[in-house]
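Coordinate analysis (summary)
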Amino acid sequence: MTRKDSEQGEGTVRDFIPVAEPVLGGNELAYVTECIETNWISSIGAYVSRFEEEFAAFIGTEYAATACNGTAALHLALACYDIGPGDEVIIPSLTFASTAFAVSYCGAKPVFVDVEPDTWCMNPAHIEAKLTKNTRAIIPVHLYGHPVDMDPILSIAQEHDLYVVEDAAEAHGAEYKDKRVGALSDVGVFSFYGNKIITTGEGGMLTTNNRDIYERTLYIRDVAMAPTRRYWHNDIGYNYRLTNIQAAIGVAQLEQIDGMIAKKIAIADKYNSLLKNAEGITLPVEKSWARNVFWMYSVLIGDEFGMDRDEVMHELKKQGIDSRPFFYPLHHMPPYLSEEELPVTERISRQGINLPSGNLLSDEEIAKVCDTLKSLNAG
Ligand SMILES: *Cc1c(COP(=O)(O)O)cnc(C)c1O
């Protein structure tokens, strides 16, 4: 896509409406050009620290540390707490696979809990039944932009001496009781993949108020090189660094984040108003304690709807409308296969669909998606 295309005018309906697309409409090119002209293209450079400082300020934490992607940032968070073989970490089954993979990279075991029927996020009421003497941490995932109900999770964690790492990869700027996600627990983790709320192409960030964890993150991320002795390693580290070029894009994106989030919310408002009486379709919620940033505007296709979710996706595609299915339950996939039943997860995973939510969507395109969706039920 050229830059001109990215300045899509009001009223346009594209032949193919994507689910998401990056919008690089600010200082991205200027800042990247500066990196190249000054030769600061690797992982040391002014944009890396600027991106970290400005992101920490945006989230409201003392510290933020970049990582090469969100998956690596999740792994770093768990590595900082020495999560390892024999340990268990509580996560929702309805999430992107990286949440579980980070646990597996440590040699620990992900333990799955069911989600709430309305927020589609981890259900705090189901956590205590899953605790064992080996449980070390909980990773709530702020799914599709809605925050998890954190207070009950934080009190369980306090009572049982567990770490809480928020997977906020899909929820930059979302709020729980007026506080931003990523600042609510021990550590927050963000992703800047191309379809996320802001992007660096690939990229991640870890946020925390804990100075020790921050310093440990920098150390492990930088191949655990001894601070006072170059090329000496007392621990096994990782190279999980972000480049200055990526951080330059991140700084430019961060300048525009308020507008990006406002646009996501406006898209959701428009969808909600057009779909509010649509039969067989369940709309997303925003709890009274929440600010939902609607990373992906998503609905459930009820069993009473004229066709199932996969057929709906197929029919939308025929009309030039892209969509995504909800994440499959992790406990149904080969690495984590189990007989356990998590009924809410299983139903929502089967019924859920992410509709086009990119920041270049026009009102006319949203109307086309809604009209098409409603016509499928009637047919
Ligand atoms: C995107 C995502 C990640 C992983 O981030 P990457 O930058 O793609 O590695 C982790 N968890 C969730 C919930 C995500 O959506």
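These notes cover the structure that comes with them. What you see is a predicted model; the values in this text were computed from it and never measured. (Residues numbered from 1 in each chain as written. Predicted model: local features only at pLDDT ≥ 70, side-chain atom pairs only at ≥ 80, totals over all residues. Heavy atoms only, no water.)

Here we come to the site of the ligand. The immediate surroundings of the ligand are formed by 14 residues, with Gly 70, Thr 71, Glu 170, Ser 191 and Lys 196 found nearest. One nitrogen or oxygen atom from the side chain of Thr 71 is found 2.5 Å from an oxygen atom belonging to the ligand. Here an oxygen atom of the ligand and a side-chain polar atom of Ser 191 are 2.7 Å apart. Within the complex, 93% of the 380 Å² of free accessible area of the ligand lies under protein. With respect to the detected pockets, the ligand is housed in the largest pocket. Contributions of two or more residues to the shell around the ligand are made by helix 4 (70-80) and helix 5 (98-105). Across the shell around the ligand, the residue classes break down as 3 nonpolar, 8 polar and 3 charged. (Near = heavy atom within 4 Å. Polar contact = N/O pair within 3.5 Å; in protein donor to acceptor, adjacent residues only side chain to side chain. Areas by Shrake-Rupley, 256 points an atom, 1.4 Å probe, with all protein chains shown as cover. 1 Å grid on protein atoms, 1.4 Å probe; cavity = no way out; pocket = protein on both sides within 12 Å on 5 of 7 lines; lining within 4 Å. Sits in = over half its atoms within 2 Å of the grid points. Helix = DSSP H or I, 4+ residues; strand = E, 2+ residues; numbered from the N terminus. Nonpolar A, V, L, I, M, F, W, Y, C, P; charged D, E, K, R; others polar.)

This part takes up the side chain of Thr 61. Residue position: Thr 61 is located in the loop between helix 3 (46-59) and strand 1 (63-67). For Thr 61, a relative accessible area of 9% translates into the label buried. A distance of 3.0 Å separates a polar side-chain atom of Thr 61 from the backbone oxygen of Tyr 63. Among all residues touching Thr 61, those that are not within four sequence positions of it are Ala 56, Gly 182, Ala 183, Thr 207, Thr 208 and Asn 209. (Buried < 20%, exposed > 50% of the residue type's maximum accessible area, 1.4 Å probe, protein only. Contact = heavy atoms within 4.5 Å.)

What follows deals with the layout of surface pockets. Reported here for the largest pocket is a volume of approximately 590 Å³. Taken together, 32 residues line the largest pocket, and the ones lying closest to its centre are Phe 96, Asn 195, Lys 196, Trp 295 and Phe 327. Put simply, the parts of the chain that give the lining of the largest pocket at least two residues each are helix 4, helix 5 and strand 13 (324-325). For the lining of the largest pocket, the element with the highest residue contribution is helix 4, accounting for 3 residues. Across the lining of the largest pocket, the residue classes tally to 17 nonpolar, 10 polar and 5 charged. Approximately 450 Å³ is the volume found for the second largest pocket. Lining the second largest pocket are 18 residues; nearest its centre among them are Ile 44, Leu 218, Arg 221, Asp 222 and Arg 241. For the lining of the second largest pocket, the secondary structure elements donating two or more residues are helix 3 and helix 7 (211-221). Class assignment for the residues of the lining of the second largest pocket results in 8 nonpolar, 4 polar and 6 charged. (Points joined across faces, edges and corners; volume = space filled by probe spheres on them.)

To continue, consider the environment of Lys 179. With respect to the helices and strands, the residue Lys 179 is situated in strand 7 (residues 179-180). On the basis of relative accessible area, Lys 179 is assigned to the partly exposed category, the value being 45%. Along the primary structure Lys 179 and Trp 289 are separated by 110 residues, whereas in three dimensions their C-alpha atoms are 10.0 Å apart. Among all residues touching Lys 179, those that are not within four sequence positions of it are Ala 174 and Leu 184.

Another point: the environment of Val 344. Note on placement: Val 344 falls in helix 11 (residues 343-351). Considering only alpha carbons, one finds Val 344 and Gln 246, 98 residues apart in sequence, at a separation of 38 Å. Setting aside chain neighbours within four positions, we find Val 344 in contact with Asp 114, Val 115, Glu 116 and Pro 117.

Here we come to the sheet that holds strand 13. Read across the sheet, 4 strands follow the order 10-12-14-13 without closing on themselves; strand pairing throughout is antiparallel. Two strands lie at the open edges of the sheet, namely strand 10 (281-282) and strand 13, each paired on one side alone. When strand 12 (residues 298-301) meets strand 14 (residues 352-354), the two strands line up antiparallel, connected through 3 bridges. Within the sheet, the bridge partner assigned to Ser 298 lies in strand 14 and is Asn 354. (Pairing = 2+ DSSP bridges.)

Further remarks concern helix 5. If you check which residues of helix 5 are buried, you get Ser 98, Thr 99, Ala 100, Ala 102 and Val 103. One or two positions beyond helix 5, positive phi appears at Gly 107, with a value near 80 degrees.

What the 3 strands build is an open sheet, ordered 7-6-11; its pairing is antiparallel. With one partner strand each, in any of the chains shown, strand 7 and strand 11 (290-291) form the two edges of the open sheet. Pairing of strand 6 (residues 175-176) with strand 11, which is carried by 2 bridges, proceeds in the antiparallel orientation. Bridge assignment links Tyr 176 to a residue of strand 11, and that residue is Ala 290.

With that settled, the discussion passes to empty space enclosed by the protein. A complete count under the given rule lists 2 cavities of 30 Å³ or more for this structure. In this structure, the largest cavity occupies an estimated 100 Å³ of space. Looking at the largest cavity, it is lined by 14 residues, and the ones nearest its centre are Glu 21, Pro 22, Val 23, Lys 196 and Ile 197. Its residues placed into classes, the lining of the largest cavity shows 6 nonpolar, 5 polar and 3 charged. Estimated volume of the second largest cavity: approximately 70 Å³. Looking at the second largest cavity, the residues that line it are Asp 118, Thr 119, Trp 120, Leu 143, Tyr 144, His 146, Pro 284, Val 285, Asn 292, Phe 294, Met 296 and Ser 298. Of the residues that constitute the lining of the second largest cavity, the class distribution is 7 nonpolar, 4 polar and 1 charged.

Interpretation note: all reported values are geometric properties and have no functional meaning in isolation.
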